Amino acid sequence: MMTDQEIEKRLAEIFAQNYELLKMEGGHALTEAGQKDAFNQVLYYYRKLKEVASKVTDTEVKLTLPDQKTPDGRSFTIEGIVDIVREEDEVWMYDIKTHDPFYVMANKHLYEKQLNVYAYIWENLRGNPLDHTAVISTVIPDALKEAESVGDTARIQKELTKWEPVIEIPYKEDNVKDTIHDFALVVDNIEKHCFTPPPLKVLDDKIYGTNSKFATRICRNCDARFSCSSFREYATKLQKSGTMNFKKYYEDFGTDAEQEEFINASIDLDKINSIPELPQ
Ligand code: SF4
């Protein structure tokens, strides 16, 4: 059996291999600091959740609800991936999310719908028992990140203990029909190319249970923001109020040092060094 130290060393090797593969596939490189942050996320997630991970009996279970119909008559299938832990006389279903735990806690209703459908498939279509459903939030808390950045071992341990990444979400199968209908409406909207963004007020308001605005928390990570009329309206409003320089927002590539680090990370030195010298 591997020791904790050996497992963490192996994690570092797998992470490095995955990173190289993703870099080749996607053509995007991370700076050294970005790679360190990403690996820390994996490492602390493992340290915190290794007990749950070691108890998982069914990994990455694919749940499928085929042959559904939208109001406009389109066919669609709902699919999800979950992990199952069967221990003693209890069965837990875990859905892994990259959302922070405070957001999940404050917006449980958003996760409940999805888990209800998975629970319905697991219990009714597959005939399996189920006692609990939960979301596992993989985001490392800011306090733990800070402790890590200054290398304070005692604080790291304290923050690791405080961290609660497993959030139980009680499921109610009575709402499954409504949830499937919601999915169906989304399918029809996508197929009809109806992608109207939410109004400016939604972007300007704080997300329930958090201190962040929709625009900063959600839009900032949205690839469609440069062509989104609501986000443009939001950015224009901030520019007029002097809070944001629109031009700077389009040209925000980071500091000179960050730009240089990013360029270096993207340069394939092995390839450059292997170019044969030109004959004199
Ligand atoms: S920027 Fe993206 S997330 Fe924000 S409103 Fe537009 S489409 Fe939605």
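All figures in this text were calculated on a predicted structure; none of them were measured in a lab.

> Give a detailed account of the sheet that holds strand 3 (residues 90-97), specifying residues and quantitative values.
Sheet strands associate in pairs through backbone hydrogen bonding, adopting either a parallel or an antiparallel arrangement. Taking strand neighbours across the sheet as the criterion, the five strands line up as 1-2-3-4-5 in an open arrangement whose pairing is mixed. Among the strands making up the open sheet, the edge pair consists of strand 1 (58-69) and strand 5 (166-168). Strand after strand, the sheet turns through a mean of 35° between neighbouring axes, direction not considered. One ladder, built from eight bridges, connects strand 1 with strand 2 (residues 75-87); its direction is antiparallel. Counted as the bridge partner of L63 is G80 from strand 2. Packed on one face of the sheet, helix 7 (residues 176-191) meets strand 1 and strand 2 and runs near 135° to strand 2.

> Any chance you could break down the layout of surface pockets for me, citing the residues and the numbers?
In this structure, the largest pocket spans a volume of roughly 570 Å³. Along the walls of the largest pocket sit 21 residues, with Y45, A53, D83, I96 and T138 positioned nearest its centre. Contributions of two or more residues to the lining of the largest pocket are made by helix 2 (32-55), strand 1, strand 2 and strand 3. Counting residues per element, the lining of the largest pocket draws most heavily on helix 2, at eight residues. In terms of residue class, the lining of the largest pocket is made up of 13 nonpolar, four polar and four charged. The residue makeup of the lining of the largest pocket includes at least three contributed by each of domain 1 (9-53) and domain 2 (55-192). The volume enclosed by the second largest pocket comes to roughly 420 Å³. As for the second largest pocket, its lining consists of 16 residues, of which D100, P101, F102, P141 and D142 are closest to the centre. Taken together, the elements giving at least two residues each to the lining of the second largest pocket come down to helix 3 (101-106), helix 5 (142-149), helix 6 (153-162) and strand 5.

> Lay out the environment of S137 with the relevant residues and their values.
Tracing the backbone shows S137 in strand 4 (residues 132-137). Judged by its relative accessible area of 0%, S137 is buried. With 35 residues separating them along the chain, S137 and F102 place their C-alpha atoms 9.4 Å apart. If we ignore the near neighbours within four places in the chain, the residues touching S137 are K97, H99, D100, P101, W163, P165 and I167. Among the polar contacts made by the side chain of S137, one reaches the main-chain carbonyl oxygen of H99 at a distance of 2.7 Å.

> Quick rundown of helix 2? Include the residues and the values.
If you check helix 2, its first and last C-alpha atoms are 34 Å apart, about what 24 residues at 1.5 Å a residue would give, namely 34 Å. Of all the bends in helix 2, the greatest measures close to 70° and is centred on L49. Within the sequence span of helix 2, burial applies to F39, N40, L43, Y44, Y46, L49 and V52.

> Give a description of the site of the ligand that names residues and reports values.
Taken together, the residues surrounding the ligand are P198, L203, I218, C219, C222, R225, C228 and F231. Its residues assigned to classes, the shell around the ligand shows seven nonpolar, no polar and one charged.

Calculation rules
- Residues numbered from 1 in each chain as written.
- Predicted model: local features only at pLDDT ≥ 70, side-chain atom pairs only at ≥ 80, totals over all residues.
- Heavy atoms only, no water.
- Pairing = 2+ DSSP bridges.
- Helix = DSSP H or I, 4+ residues; strand = E, 2+ residues; numbered from the N terminus.
- Axes fitted to C-alpha atoms, helices over the stretch in contact; angles between N-to-C directions.
- Contact = heavy atoms within 4.5 Å.
- 1 Å grid on protein atoms, 1.4 Å probe; cavity = no way out; pocket = protein on both sides within 12 Å on 5 of 7 lines; lining within 4 Å.
- Points joined across faces, edges and corners; volume = space filled by probe spheres on them.
- Nonpolar A, V, L, I, M, F, W, Y, C, P; charged D, E, K, R; others polar.
- Domains from an automatic or database assignment.
- Buried < 20%, exposed > 50% of the residue type's maximum accessible area, 1.4 Å probe, protein only.
- Polar contact = N/O pair within 3.5 Å; in protein donor to acceptor, adjacent residues only side chain to side chain.
- Expected span 1.5 Å × (residues − 1).
- Bend = angle between axes of the 7 residues up to and from the residue.
- Near = heavy atom within 4 Å.

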